[in-house]
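Residue strings, one per chain:
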Amino acid sequence: MRRHIALWVLSTLALLVPTAVLAEMQPQKVGPNTWYVQGLAALGSPANQNFISNAGFVVAPQGVVVVDALGSPALARRLVQKIAEITPKPITHVVLTHYHADHIYGLQVFKELGAQVIAQQDAREYLNSDTAAQRLVASRTELAPWVDENTRLVPADRWLTDSTTLELSGMRFVVERVGPSHTPEDLAIHVPGERVLFAGDLMFSGRLPFVGQADSGQWIASLDRLLRFDAQVVVPGHGAASIEPRKDMVVMRDYLNYLRITMGQAARDLVPFEEAYTSTDWSSFEPMPMFRFANRMNAYNTYLLMEKESLRGR
Ligand SMILES: [Zn+2]
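As the structure is a prediction and not an experimental result, all values here were calculated from the model. (Residues numbered from 1 in each chain as written. Predicted model: local features only at pLDDT ≥ 70, side-chain atom pairs only at ≥ 80, totals over all residues.)

## A short note on the overall build of the protein
Right, so step 1: Counting secondary structure elements, the protein contains 10 helices and 12 strands.
Right, so step 2: Taking 2.2 N^0.38 as the reference for a compact globule, 314 residues should give roughly 20 Å; the C-alpha atoms of the protein span a radius of gyration of 21 Å, in line with that estimate.
Right, so step 3: Across its three principal directions, the C-alpha atoms of the protein cover 65 × 60 × 35 Å.
Right, so step 4: Put simply, the protein has 314 residues, and 44% of those count as buried.
Right, so step 5: Of the contacts formed within the protein by residues at least 6 apart in sequence, a portion of 66% connects residues at least 24 apart. (Helix = DSSP H or I, 4+ residues; strand = E, 2+ residues; numbered from the N terminus. Rg over C-alpha atoms; globule rule 2.2 N^0.38 Å. Buried ≥ 20, exposed ≤ 12 C-beta atoms within 10 Å, placed from the backbone. Contact = placed C-beta atoms within 7 Å.)

Dropping the structure here:
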């Protein structure tokens, strides 16, 4: 009997303690000097160290340029280790696609190594907001011990105002301002010499996005701008890299457009959301991953957005 209790205690403890088996972080090569690591398709948790987003890096002539900083300092340290296995060059810059927690909680690690952090200046409002501070407080509990009292929000060293071309460590980076779309501060980073585009959370490969409170009209316009880059590979903020970027971007654009057209019509005709949702033909998007989790919420958020837009007379 006592042995049974001991076993029960042990197995209960095993459920409570973060599993020691960490998700694999294997850099995948997407250009002559460019790699990315792919986060899990999961919610952030102690078991995965908040490894739910991607990060990329380019080994430029004089140093390494990282794109996005991952979701915890521990993950950033693992990425630094992986980079060191590929090149002895120092990490000189981190360019951020946007300031969402899962893309920035690793920043302090790169900062301590002397890297310069570059982002779009509209992130400052969020960074200085109660929302960002409260989110960090909550994450210290939800993601303990990987996010703790030593984890801090790191502002950029260099705030960009608009689209620009940067020469970083001897390589050219075209930094395109594509916000406000997913966030006010969205940046996409194109590396022409590598024909790789880092698109942040503006595009995913083969799955539907979470639209959230995004400005989908602006988002569609941004996708059109990204389509003009001659990228062979697009690394999104989540999920696998796209080797058919044109096709994937067109799917994203068409989906956002379809939401706006169908929900916009319903909002203007004052058709209640439930009725509009049920009578809309979703068959072209139904087979796509994330449809069941994301589509109703995306449609609802778009319905609210279109109500607002039609009130503004857009
Ligand atoms: Zn994200």
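## What about the pairing of strand E8 (residues 164-168)?
In regular strands, side chains alternate between the two faces of the sheet.
Right, so step 1: Examined bridge by bridge, E8 and strand E9 (residues 171-177) share five bridges and lie antiparallel to one another. Opposite Leu-166, over in E9, you have Phe-173 as the bridge partner.
Right, so step 2: Hairpin connection, E8 to E9: the antiparallel pair is bridged by two residues, and Ser-169 has positive phi, about 50°. (Pairing = 2+ DSSP bridges.)

## Observations regarding the environment of Arg-207
Right, so step 1: The topology assignment puts Arg-207 in the loop between strand E11 (196-200) and helix H7 (216-226).
Right, so step 2: Judged by the 19 C-beta atoms lying within 10 Å of it, Arg-207 falls in the partly exposed class.
Right, so step 3: When near neighbours in sequence (up to four residues on either side) are disregarded, Arg-207 contacts Gly-239, Met-288, Pro-289 and Met-290.

## What to know about the sheet that holds strand E4 (residues 63-67)
Right, so step 1: The seven strands lie next to each other as E1-E2-E3-E4-E5-E6-E7, forming an open sheet whose pairing is mixed. Strands at the two margins of the open sheet, each flanked by one partner only, are strand E1 (28-31) and strand E7 (158-160). Ignoring strand direction, the axes of neighbouring strands in this sheet form an average angle of 25°.
Right, so step 2: Relative to strand E2 (residues 34-37), E1 runs antiparallel, the two being bridged by three bridges. What sits directly across from Gly-31, in E2, is Thr-34. (Axes fitted to C-alpha atoms, helices over the stretch in contact; angles between N-to-C directions.)

## As for the sheet that holds strand E10 (residues 187-191)
Right, so step 1: Taken together, five strands build an open sheet; the order of strands is E8-E9-E10-E11-E12 and the sheet is mixed. At either end of the open sheet lies a strand with only one pairing partner, and these are E8 and strand E12 (233-236). This sheet shows a mean twist of 25° between the axes of neighbouring strands, independent of strand direction.

## Re the confidence of the model for the protein
Right, so step 1: With 93% of its residues at a pLDDT of 70 or more, the protein has an overall mean of 91.
Right, so step 2: Scored below 50 in pLDDT, residues 9-20 shows three contacts in the model against residues more than four places distant or in partner chains. (pLDDT = per-residue confidence, 0-100.)

## What to know about the packing of helix H8 (residues 245-268) against helix H10 (residues 291-311)
Helix-helix packing is characterised by the crossing angle of the two axes and by the distance between the axes.
Right, so step 1: For the pair H8 and H10, interaxial distance at closest approach is 8 Å and the crossing angle is 55°. Put simply, H8 runs oblique to H10. When you trace H8 past H10, the crossing you get is right-handed. In this structure, H8 contributes Leu-259, Arg-260, Met-263, Gly-264, Ala-266, Ala-267 and Arg-268 to the contact, and H10 contributes Asn-298, Ala-299, Thr-302, Tyr-303, Met-306, Glu-307 and Ser-310.
Right, so step 2: Here the contact of H8 with H10 is composed, by residue class, of seven nonpolar, four polar and three charged. (Parallel < 35°, antiparallel > 145°, perpendicular 65-115°, else oblique. Left-handed = near helix turned anticlockwise from the far one by under 90°. Nonpolar A, V, L, I, M, F, W, Y, C, P; charged D, E, K, R; others polar.)

## Quick notes on the packing of H7 against H8
Right, so step 1: Relative orientation of the contacting elements H7 and H8 amounts to 155°, with a least axis distance of 10 Å. Comparing their axes, H8 and H7 come out roughly antiparallel. In this structure, H7 meets H8 at a crossing whose hand is left-handed. Where H7 abuts H8, its residues Ser-216, Gly-217, Trp-219, Ile-220, Leu-223 and Leu-226 lie against Met-249, Met-252, Arg-253, Leu-256, Asn-257, Leu-259 and Arg-260.

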